[in-house]
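Coordinate analysis (summary)
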Amino acid sequence: MQYESNMSRGCNCSACFGLEWRSNALSVSAVDVAYSERSSVDIGPPDDNSSEFSGNITRNRKTLRASICLKLTLFVGFLVVLASGIPALVFWLKAHEQLVDEIDRRLLTVSTLRQEQLKDYLISETDKAGLIATRVLINNYLSNQIQNNRTLAEFDLVSAVSVISDFLHAAVYDSTGKLVISTGVFEPQSVLQPEDIASIQFNRLKFGYPSRTSTGWVYNISSAIYRRQRLIGVLLTWINATKLERLVYDGTGLQGTGELLVGLPEGANTVRLLFPPLHDPNITRLPLDGAMAEAINGETGIKRQWDYNGVKVIAAYRPVGFMRWGLLAKLEVQEAYAPVRNVRLVIIVTIVVLVSLGVMASVGLAKVFTSPITELGRAAASLGQGNMQTRVRKGTLLLRDEISDLKDIFNSMAQQISSHQLILEHKQVRERTLDLARANDGLAKEVEERKRIEGELEKAKDVAIAANRSKSEFLANMSHEIRTPLNAIINFTELCLGTQITPEQHEYLDYVRFAAQHLLRLITDILDFSKIEAGKLEIEDMQFSLFDQIEHAVSVLAARAFKAGLELCYRIDADVPDLIIGDPGRLLQIFVNLIGNGIKFTKEGEVVISASVKTQTEDSIEILFSVKDTGLGIPESKQSLLFKAFSQVDSSTQRVYGGTGLGLVISAKLAAAMGGEMWVESEGTENRGSTFWFTARFQKLQQSTTNAPSFKDAHALVVDDNHTSRCILVDLLKNWRMVADGVDTVEGAKALLHKAAVSGHPYNVVLLDMWLNGTDASELVDFLHMYPSLLANYSQPATSAFYTSEQMKYNSTKKNVLKGEETESKSTSDVSLPIIMLTSVNLIDVTRCKEIGIRFHTSKPVRRSLLVRVLKSALHAQDEVPDEGQASQISESLGRSLHILVVEDNVVNQKVAVKLLKKWGHTFVLACNGAEAIDKSTQEAFDLILMDVQMPVCDGFEATARIREIEKNNNGRRTPIVAMTAHAMSGDGDRCISAGMDFYVSKPLNAKKLQELLQSAAMGSFRGRHYSSPYCDDITKYV
């Protein structure tokens, strides 16, 4: 009502404007409340959006205040810079120009003053020298050289020199350059050179460069003496250069870094300095360029250039006016422009002070404007936080402005908002209560669902663990159940092959044995793949001979390579160590897989294995292996299938080559497990073959006892038609300090033998391949038998030591050094020629060697240990043979019968063991389970116990533990126990050893390995805590 009455009276005060705004915009009515309930704009209660609203208000307030301050600061700063910067810039430019001009004028003044002083001094001194040259008595003597005139001339010369200051000495020469008179205080040169006379006659004057003496700087002036236009002599005066030095080195007007340089041209490109610079006395010459060149050429001016020290200087130059001398007065730019920099610093400091004052003034002005706005912002934030009683203070009545009106409007708006808050509060509380109820219901359902999912996950985890355990148990049981009948099939087949049967039956049994061993290989591959996929593959760490493993791999596959007509050889670099620490069984597994594939896919040519050092540290070594063949090759598009499980390059039903596709996958995984990798390189072209590379990391032995054999200065000839095999053998012999040559034909060998004999260095031994280009090498053997003098005897002072694991085994058993290959007695009177025949694995080649009179032979691929022994025998440098007493003792040990307890529950396996032990002459006692084994071991003593692992009633682990406990309690002898198991899972070997067993062999039993084990036990050299890898036995059987 007051508003209506005021408006009717035409009131326009600010209070009426505020009431009008509240009446029109924020008046509360039933319609407004109804509209607010339908509106999408929600002004929530203080506990809903108040914090967000407050944060927005605070951010907006800070942004507004910073914006005004920044704008005012920039504006005032700009005005200050504009108002002070332009005059300062103009002042700086004018001051800079005047200062630079002043520096240039000062340097020009200094150079002019020095030039005038120097010119006056030089003219004065030359005039003095000219006066002496015109003395009458001296001229008379030069015209008529008689004794009386000489005395007068000398007196006159001495008098003249003593009268003139700074003149030290003088000498007079005649026109021919001969010394005639001098002051006598010193000894001048007796003769002037003709070219010096000519130069003085041409120039009438010659100036000598100053030189340093014990009394100071001295220079000389040479003046021509004329009489009636004819040269009658030359006056040479020596002058004290102290005044000249003082003129040049005077630094007046040149500040601290300035100096004066005076130069004389010397040649076309060089300037000789009259005195060296003060800052570098070692410099006497400068290049003829820059300001000095222009001064010598008669020009005057100012230049900025780099001096002899690489410092930028300002140089004032001008000619001296004496001969072609140039003068240079220089001052370093940094020192010369110091006043300029000082002026610049003053201007910059002035501008900074003015800008700082302007910024401070702008900040104060900004606060005057932003304080009311800040107050409004705080009030708005307080309203947003729910304090509906918040109001702003009104301005004074005398100085009201727009901000005061804004405060009144804000207070009115706060009142209206408070009214709206009261109306909306009940509605918001009701809606929020419903929302919270719905949210609680949803959260309860979510918690229940999560608990259900966690329960299902726990059940799935238990099922997965149980399935994994069941898988492992299944694999172990399958291995046991499959290997058990295979043990009977393989060993009974081998026993049957040792009986009297027909050739046809022998062929059938060979097929049975091959099929069984092939099945065993497939089972082993599948088990290995399963272990790899399950992450249970374990890599052993044991010391082994790398050379033996490679030789073992090529030896067991040599028969296949010979049958396929392929050359199988290996190369080991000289820096590759023999004894290392790693897993020999897995390394052999990789070799057999790769070499077997190379033989299978190669029709003709060769398969070459190589080993080299890739990287090594103090404790470990990474070795790079490769298997290269000359077979079919692998297309690039198919190479990605090689290392995928159950994949074949040719997977069609008509493929020629079989296989499961697991060999390369397992090999690659094994290489990765040994810290390396595997890859293939192939051009995909037949006869170009493929190369499979893989790396493996091993531990190095701290002290290695392996030494290469030495046949120092022995000459050897290798005759082999295969280039690769020949080169490998030649390199090997050279590593053994032999002088080795290679040739591929019989004719070439004859030529080399004859050439070596003629030269006085005949060969001591010949290594001859049995088959050269398809024919035997008997022709060369017959030739050497006809001409035995082509081969010389070899004598070596000391026999070198070469120990490998193979030789240790031979030395321990004291077998024949050639293992049956040396067929004749050493005591025979007929000494065989030193020819070593390289035969195949076919026994027919051995028979052929005997027929053609070859005593020494070894099969290919050549094994290092056997080759060393054959070489020693052929060169008559072999180790001593055991005497008869030792040999008899060894023979008795090898033939001693053992009393063995066989613990086996399977009847078939019992019969296999019984047959083998009877065949080898051992006695035995059978036990069907572990309980029987415990009883029988306490009833009688056994030399060895063969213990099955999986048995009813009491298994092998429990039985072993009981037997060891009984032995410990009774302080009895420890009986060696060898575990026999068809299990092939990871950790079985370690479990056997930890249970107290001494050795571990896998089923199917390898008869040869078991026989060697029994022989070691019979000799008393049975070492516990070692076990053989089941895979090594399976590989040997399969190949």
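Residues numbered from 1 in each chain as written. Predicted model: local features only at pLDDT ≥ 70, side-chain atom pairs only at ≥ 80, totals over all residues. Heavy atoms only, no water.

In the annotation of an unreviewed UniProt entry, the protein chain is listed under the name histidine kinase and assigned to Ceratopteris richardii. Its UniProt record, at the heading Catalytic activity (unreviewed entry), says of the protein chain: "ATP + protein L-histidine = ADP + protein N-phospho-L-histidine." (UniProt positions renumbered as here; feature names shortened; annotations may be inferred.)

What follows deals with the overall build of the protein chain. Counting its secondary structure elements, the protein chain contains 30 helices and 31 strands. Relative to its full complement of 1039 residues, the protein chain shows a buried share of 45%. Across the protein chain, contacts joining residues at least 24 apart in sequence account for 68% of those joining residues at least 6 apart. Carbon and sulfur atoms provide 55% of the accessible area of the protein chain, an area that totals close to 54100 Å². (Helix = DSSP H or I, 4+ residues; strand = E, 2+ residues; numbered from the N terminus. Buried < 20%, exposed > 50% of the residue type's maximum accessible area, 1.4 Å probe, protein only. Contact = heavy atoms within 4.5 Å. Areas by Shrake-Rupley, 256 points an atom, 1.4 Å probe, with all protein chains shown as cover.)

Here we come to the UniProt feature "modified residue: 4-aspartylphosphate" (unreviewed entry) in the protein chain. Per the UniProt record, the feature "modified residue: 4-aspartylphosphate" (unreviewed entry) sits at Asp769 and Asp948. With respect to the element layout, aspartate 769 can be found in strand E22 (residues 765-769). Apart from residues no more than four positions distant in its own chain, aspartate 769 is found in contact with Val719, Asp720, Asp721, Ala777, Met837, Leu838 and Lys860. In contact with aspartate 948, other than residues within four places in its own chain, are Val903, Glu904, Asp905, Gly956, Met980, Thr981 and Lys1003.

Moving on, we get to the side chain of serine 778. Following the sequence through the fold, serine 778 ends up in helix H20 (residues 778-786). Residue class for serine 778 comes out buried when judged on its relative accessible area of 14%. Discounting chain neighbours no more than four positions away, the residues touching serine 778 are Arg848 and Ile852.

Backbone torsion omega between lysine 860 and proline 861 reads 0 degrees, so that peptide bond is classified as cis. Tracing the backbone through its elements, the reader meets proline 861 in the loop between strand E26 (856-859) and helix H23 (864-874). One non-glycine residue with positive phi stands out, namely arginine 737, at about 65 degrees. Relative to the helices and strands, arginine 737 is located in the loop between helix H18 (723-735) and strand E21 (739-743). Here arginine 737 falls in the partly exposed class, since its relative accessible area comes to 46%.

With that settled, consider the sheet that holds strand E29 (residues 944-948). The strand order E28-E27-E29-E30-E31 describes an open sheet built from five strands, whose pairing is parallel. In this open sheet, the two strands that pair with only one neighbour each are strand E28 (923-927) and strand E31 (999-1002). The average angle at which neighbouring strand axes cross in this sheet is 20 degrees, direction not considered. Relative to E28, strand E27 (residues 899-903) runs parallel, the two sharing five bridges. In the strand pairing of E28, valine 902 is matched with leucine 926. (Pairing = 2+ DSSP bridges. Axes fitted to C-alpha atoms, helices over the stretch in contact; angles between N-to-C directions.)

For the rest of this paragraph, the subject is the pairing of E21. Sheet analysis places strand E20 (residues 715-719) next to E21, joined by five bridges and oriented parallel. Within the sheet, the bridge partner assigned to valine 719 lies in E21 and is valine 743.

A few words now on the sheet that holds E21. Ordered by their spatial adjacency, five strands build an open sheet running E21-E20-E22-E25-E26, and the pairing between neighbours is parallel. Every interior strand has two partners, whereas the edge strands, E21 and E26, have only one. Going across the sheet, the axis of each strand differs from the next one's by a mean of 20 degrees, ignoring polarity. Judged from the four bridges that link them, E20 and E22 form a sheet pairing that is parallel. Bridge pairing in E22 links valine 718 to leucine 767. In the packing of H18 onto the sheet, contacts are made with E20, E21, E22 and strand E25 (835-839), and the angle to E21 comes to roughly 170 degrees.

Moving on, we come to the pattern of salt bridges. Enumeration over the complete set of coordinates arrives at 27 salt bridges. A salt bridge links aspartate 104 to arginine 304, with the shortest nitrogen-to-oxygen separation between them at 3.2 Å. You can see aspartate 104 sitting in helix H4 (residues 46-133) and its partner arginine 304 sitting in strand E10 (residues 301-306), a full 200 residues away along the chain. With relative accessibility at 14%, the residue aspartate 104 sits in the buried group. Between arginine 863 and glutamate 551 there is a salt bridge, with its nearest N and O atoms 3.6 Å apart. With arginine 863 in the loop between E26 and H23 and glutamate 551 in helix H14 (residues 546-556), this residue pair connects regions lying 312 residues apart in the sequence. Taken individually, arginine 863 and glutamate 551 each receive the classification buried, so the pair is uniform in this respect. Look at the salt bridges and you will find they share partners, linking Glu567, Asp720, Asp769 and Lys860 into a network. (Salt bridge = Lys/Arg side-chain N within 4 Å of Asp/Glu carboxyl O.)

Moving on to the packing of helix H16 (residues 584-600) against helix H17 (residues 663-673). Contact geometry of H16 with H17 gives a least axis separation of 9 Å together with a crossing angle of 145 degrees. At the point where H16 passes H17, the crossing takes the left-handed sense. Across the interface between the two elements, Arg586, Gln589, Ile590, Asn593, Leu594 and Asn597 of H16 pack against Gly663, Leu664, Ile666, Ser667, Leu670 and Ala671 of H17. Split by residue class, the contact of H16 with H17 holds six nonpolar, five polar and one charged. (Left-handed = near helix turned anticlockwise from the far one by under 90°. Nonpolar A, V, L, I, M, F, W, Y, C, P; charged D, E, K, R; others polar.)

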